[in-house]
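Per-entry structural report
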Amino acid sequence: MTSNPETSPTEDAPPVERTAATVEQLEQEGDVAADFLEELMDIADIDGDLALDVRSGRAYVSLESDEPGSLSLLAAPDTVQALQEITRIAVQNRTGRFSRLILDIGGSRDTRQRELETLVDVAIARLDEGATQASLPPMSSYERKLVHDIVSDRGLVSESYGEGADRHTVISRG
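As a further point, take the packing of helix α1 (residues 23–44) against helix α2 (residues 77–95). It is at 9 Å that the axes of α1 and α2 come closest, and there the two elements cross at 120°. Accordingly, the angle class assigned to the pair α1 and α2 is oblique. Considering the relative orientation of α1 and α2, their crossing is right-handed. Across the interface between the two elements, Gln28, Glu29, Val32, Ala33, Phe36, Leu37 and Leu40 from α1 touch Leu83, Ile86, Thr87, Ala90, Val91, Arg94 and Thr95 from α2. Tallied by class, residues from the contact of α1 with α2 come to nine nonpolar, three polar and two charged.

What follows covers the packing of aromatic side chains. Counting across every chain of the model gives zero aromatic pairs. One cation-aromatic arrangement involves Arg55 over Tyr60; the distance from NZ or CZ to the ring centre is 3.9 Å.

Note on strand geometry: in a regular strand, side chains alternate between the two faces of the sheet. Within strand β2 (residues 58–64), six of the seven residues are buried, which leaves the element mostly enclosed by the surrounding structure. Of the pairings in the sheet, the one linking strand β1 (residues 49–55) to β2 comprises seven bridges and is antiparallel in character. The residue of β2 that forms the bridge with Val54 is Ala59. Linkage of β1 to β2, two consecutive antiparallel strands, is achieved through a turn of two residues, within which Ser56 is found at a positive phi near 50°. Looking at chain direction, β2 and strand β3 (residues 102–105) are connected through four bridges and run parallel. Residue pairing across strands places Ser62 opposite Asp104, the latter belonging to β3. With respect to chirality, the unit in which β2 leads through α2 into the neighbouring parallel β3 is right-handed.

A word on the sheet that holds strand β5 (residues 157–161). On the basis of which strands lie adjacent, the open sheet formed by three strands has the order β4-β6-β5 and antiparallel pairing. Looking at strand neighbours, the two that pair on one side only are β4 (133–135) and β5, the edges of this open sheet. With strand direction ignored, the average angle separating the axes of adjacent strands in the sheet is 25°. The sheet contacts of helix α3 (residues 108–128) involve β4 and β6 (168–172), and relative to β4 the element is tilted by about 150°. Lying on the sheet, helix α4 (residues 141–153) is in contact with β5 and β6; it crosses β5 at an angle near 160°.

Cut-off values and rules
- Residues numbered from 1 in each chain as written.
- Predicted model: local features only at pLDDT ≥ 70, side-chain atom pairs only at ≥ 80, totals over all residues.
- Heavy atoms only, no water.
- Axes fitted to C-alpha atoms, helices over the stretch in contact; angles between N-to-C directions.
- Helix = DSSP H or I, 4+ residues; strand = E, 2+ residues; numbered from the N terminus.
- Parallel < 35°, antiparallel > 145°, perpendicular 65-115°, else oblique.
- Left-handed = near helix turned anticlockwise from the far one by under 90°.
- Contact = heavy atoms within 4.5 Å.
- Nonpolar A, V, L, I, M, F, W, Y, C, P; charged D, E, K, R; others polar.
- Phe/Tyr/Trp six-rings, centres within 6.5 Å; stacked < 30°, edge-to-face > 60°.
- Lys NZ or Arg CZ within 6 Å of the ring centre and 35° of its normal.
- Buried < 20%, exposed > 50% of the residue type's maximum accessible area, 1.4 Å probe, protein only.
- Pairing = 2+ DSSP bridges.
- Right-handed = clockwise from strand over helix to strand, strands pointing away.

Structure follows, in structure tokens:
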């Protein structure tokens, strides 16, 4: 069987298209994701409000709650990543299109942005101490994109190396 690089076939589903989505398609992704997450929240008896947005060619879905700490277990980075992946799969199965959906739970993305900024600052300090480059730990493609943006804002350069779960970012002065 030959595979098309623009699609990613699954066992029982039609191939998933990997083309740039329109704003309307991204809004549809957000709606499908919200429906999936609402069902999941009902099953787990979790209260929260969902907000949908489209930014930078991605559907963003945010789960918020007025009750302090009610989402703290779900907002752990590994949990957010896992929920994001199963939500993406649900969206892909429903739409037939590859999804780059981003899920935020209780401000987890802002928290992770600050953590990545600190990580980059520590790496820059190593460069200031004489290192020629500084490697960061493996992270998701979305997190690597954030790191590349932070590094660029700080006037340095970065590149990603490795494959799969080992893919990581290396920072240098250029």
